[in-house]
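Coordinates in review
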2 protein chains.
Amino acid sequence: MDIAKRCEQNPLLAPKNLKAGIDGMEITCLLNPGVFRYQDKIWLLLRIAERPIQKEGIISFPIYNKEGKIEVVSFSKDSPDLNASDPRVISYKGKDYLTTMSYLRLVSSTDGIHFKDEPEFPPIFGKGELETFGIEDCRVATTEDGFYLTFTEVSPVAVGVGLIHTKDWKNYVRYGMIFPPHNKDCALFEQKIGGRYFAFHRPSSPELGGNYIWLAESPDRLHWGNHKCVAVTREGMWDCARIGAGAAPIKTDRGWLEIYHGADFNHRYCLGALLLDLEDPSKVIARSEDPIMEPIAPYEQTGFFGNVVFTNGHYVDGDRITMYYGASDEVICKAEFSIKEILNTLK
Amino acid sequence: MDIAKRCEQNPLLAPKNLKAGIDGMEITCLLNPGVFRYQDKIWLLLRIAERPIQKEGIISFPIYNKEGKIEVVSFSKDSPDLNASDPRVISYKGKDYLTTMSYLRLVSSTDGIHFKDEPEFPPIFGKGELETFGIEDCRVATTEDGFYLTFTEVSPVAVGVGLIHTKDWKNYVRYGMIFPPHNKDCALFEQKIGGRYFAFHRPSSPELGGNYIWLAESPDRLHWGNHKCVAVTREGMWDCARIGAGAAPIKTDRGWLEIYHGADFNHRYCLGALLLDLEDPSKVIARSEDPIMEPIAPYEQTGFFGNVVFTNGHYVDGDRITMYYGASDEVICKAEFSIKEILNTLK
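Residues take numbers from 1 onward in each chain, read along the sequence in its written order. Whichever chain is written first is A, and whichever ligand is written first is 1; the rest continue in order. The model is predicted, so local features are restricted to residues of pLDDT at least 70 and side-chain atom pairs to those at 80 or more, both for listing and for counting; the totals for chains, interfaces and linings are taken over all residues. Heavy atoms from the whole structure form the basis of all side-chain values; hydrogens and water molecules are not counted.

**As for the environment of Arg 287 of chain A**
Residues and elements named next belong to chain A.
- In this description a helix means any DSSP run of H or I spanning at least four residues, a strand means any run of E spanning at least two, and both kinds are numbered starting from the N terminus. In this structure, Arg 287 sits in strand S23 (residues 284-287).
- Throughout this description, buried means an accessible area under 20% of the type-specific maximum (1.4 Å probe, protein chains only), exposed means over 50%, and partly exposed covers the range between. Judged by its relative accessible area of 13%, Arg 287 is buried.
- Along the backbone, Arg 287 and Leu 343 are 56 residues apart, and their C-alpha atoms lie at a distance of 9.3 Å.
- Here a residue-residue contact requires only that any non-hydrogen atoms of the pair lie within 4.5 Å. If near-sequence neighbours (up to four positions away) are discounted, Arg 287 is found in contact with Ala 231, Val 232, Arg 234, Asp 239, Ile 243, Tyr 260, Ala 273, Leu 274, Leu 346 and Lys 347.
- Of the polar contacts made by the side chain of Arg 287, one reaches the backbone oxygen of Val 232; its length is 2.9 Å. N or O atoms within 3.5 Å of each other form a polar contact, as long as, within protein, one can give a hydrogen and the other can take it, and as long as residues adjacent in sequence are counted only when both atoms are side-chain atoms.

**Re the sheet that holds strand S8 (residues 95-98) of chain B**
Residues and elements named next belong to chain B.
- We call two strands paired when DSSP finds no fewer than two bridges between them. Taken in spatial order, the three strands of this open sheet run S6-S7-S8, and their pairing is antiparallel. The strands lining the two open edges of the sheet, one partner per strand, are strand S6 (82-83) and S8.
- As judged from the two bridges shared by S6 and strand S7 (residues 89-92), these two strands associate in the antiparallel manner. Of the residues in S7, the one forming a bridge with Asn 83 is Ser 91.

**Focus on the relation of the copies chain A and chain B**
- For the match of chain A to chain B, the screw axis carries a shift of 0.0 Å, the RMSD comes to 0.0 Å, and the turn is 180°. Given the turn and translation reported, the copies of this chain are related as if by a two-fold rotation axis.
- Looking at the interface residues of chain A, 100% of them are also at the interface in chain B, so both copies use one shared face. When the copies are overlaid, the least-squares fit takes in C-alpha atoms only where the residue has pLDDT of at least 70 in both copies.

**Overview of the pattern of salt bridges**
- Any Lys or Arg side-chain nitrogen found within 4 Å of a carboxyl oxygen on Asp or Glu counts as a salt bridge. For the coordinates displayed, the defined rule picks out 46 salt bridges over all chains.
- The salt bridge partner of Glu 341 of chain A is Lys 5 of chain A, with a shortest N-O separation of 3.3 Å. Here Lys 5 of chain A lies in strand S1 (residues 5-6) and Glu 341 of chain A lies in helix H2 (residues 339-345), a separation of 336 residues in the sequence.
- Here Arg 202 of chain B makes a salt bridge to Asp 185 of chain B, at a shortest N to O gap of 3.9 Å.

**Remarks on the packing of aromatic side chains**
- The aromatic pairing rule takes the rings of Phe, Tyr and Trp, using the six-membered ring of Trp, and pairs them if the centres are within 6.5 Å, calling planes under 30 degrees apart stacked, those over 60 edge-to-face and the rest tilted. Applying the stated criterion to the full structure yields 42 aromatic pairs over all chains.
- For the pair Trp 43 of chain B and Phe 121 of chain B, a centre-to-centre distance of 5.0 Å together with 75° between the ring planes defines the contact as edge-to-face. Taken together, the residues Trp 43 of chain B in strand S3 (residues 41-52) and Phe 121 of chain B in the loop between strand S10 (116-117) and strand S11 (134-143) connect sequence positions 78 residues apart. For the pair formed by Trp 43 of chain B and Phe 121 of chain B, the shared burial category is buried.
- In textbook terms, an aromatic cluster arises when at least three aromatic residues are bridged by ring pairs, as seen for Phe 36, Tyr 38, Trp 43, Phe 121, Phe 147, Trp 169 and Tyr 172 of chain A.
- Either the NZ atom of lysine or the CZ atom of arginine qualifies as a charge over a ring when it sits within 6 Å of the ring centre and within 35 degrees of the ring normal. Stacked on the ring of Phe 121 of chain A, the Lys or Arg Lys 170 of chain A has its end atom at 4.9 Å from the ring centre.
- A cation over a ring is seen here: Arg 88 of chain B above Phe 305 of chain B, with NZ or CZ 3.8 Å from the ring centre.

**A look at the side chain of Thr 28 of chain A**
Residues and elements named next belong to chain A.
- Here Thr 28 is to be found in strand S2 (residues 25-38).
- You can call Thr 28 buried: its relative accessible area is 11%.
- Ignoring any residue separated from it by four or fewer positions in sequence, one finds Thr 28 in contact with Pro 15, Ala 49, Glu 50, Arg 51, Thr 100, Phe 304 and Glu 330.

By themselves, these are just geometric observations and shouldn't be taken as functional.
Next comes the structure, spelled out in structure tokens:
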């Protein structure tokens, strides 16, 4: 049962509403923002995917070269060595590339609906060998010690999770890759439990195992251990192919509430929820049978990659979760949930 | 060029030389021992793979059930749902199982050639949900603070790296999974560099990336971060399909020397070497063009899984590396190397 209250102004942001951030490129998609409150405003840390304006018969896309400069790679669409059946990833001579390059950019709003660029706050681009294909889907954990950003680092050698710390959104400290490949969908808990930091993450395995949600613990948020599997995919259900954590879990009286995404083998992405023990978040108390949100609005069903609702950002006021999400891998939308209502749906 | 000096008594240990450690089982294979010196003796921490005595027409193998008890699972070899083309892994109705259950067992020797059981020192069996298919290929790091064991934990949800600490080989402290799936081949450095602990590990990716050697750092050996890729597979070469670290790296004047295994797409396993910067082991100074050891002896070419030399244990005296290794995934052998000779082969 879809219990999301969608914003009537959806979609709030589309590629045409912003200027490309990389010279000579166009914005292909706006995706899955991190969300936080700062200086009395609501901020989205958008994932922006850009590529060169496409010429007929040619697929071209940007990567960072060894000097850290943007370089455009092009392949003829006729090439028998090319597999371009997925709009997100292409394979050429057995090697995989992304069709777009993603980076992170800040927009802010006073009403939570109308967002504007923040040119004084610099975008965050990929940097170094582990980010030559860009950075994606950033979660923002708001802590007593500033903001911790966890995001996907993509390169030819790996897909893993990177960590950045900032207090002012102008000065960033990069801590490198905190979860080794293949890993993404990392959501930090915003407070310690029993003196330790915790995080959800989503390793993927080529054999034995799958695309499951794991929990890890840390003394410092930089180094992680004691990994445990907390939720697996469920055969025949809406979350049978892959699952991954959304934003930071929400502390409720009944436990930690985590909104997660689940996809089936048709790559249809829905949202569900997990409830975890307050003292020991490796214990799952309850889990959604049915999705709490499904791609049912037109803008969620059609776009760059249709039938997708995906979230990794929200803020909480009492019982209300204000969630921002990516729809069809192309536009940014908003929906509200009642925490009580979500808890009532859990088995 | 194969520069290993093989022991004339090879193989030193075969399945028939030891009694099964699990009631009702037989030893199928002896594999890839960790190696250490203790109480004036040389010790091997063998990986022992056992299964029930097989009956005609049926494949049966042990797993731990939810109560931590051994349970035998059986499938008819005629079943159309069964894929048993690999002697190590079978697939039934799309789910993967191991054909044997591995655990770790100690044997000791005064001459390094004749090894005997050590019944006073208990074997290490898999324990808990992440080890229901057993534990494998244990590296032993000998440190100022006792012995640290890193090994592969196998279960239906994951293949990852576990950590155990012991000072006396009787009392063990288990620290859970330190590298999340899909990961194996973890070799700890035996001393700190710049105040931090380091380890090699081998994540595997279903897409973007492959089976590469990575380096991580830690404040405490329990929690790991700042992951970096240090060596990748090489197209068209003996190490084109997968590579992984062997035992703890050896400190030499010219750098950290790491013996690693490399396999091609025919699953032929050879050994090579990496030389890494003493101060910054993420920097590779040199790497073997050709293997330093190949499966050329009869016992390395034929067995449970032929054409395999695989090592994760050695001890060092001056210029001499005394290495123990698994041959054909079935028997335990010994070979010696000169450190100088290895360094001379590196490009």
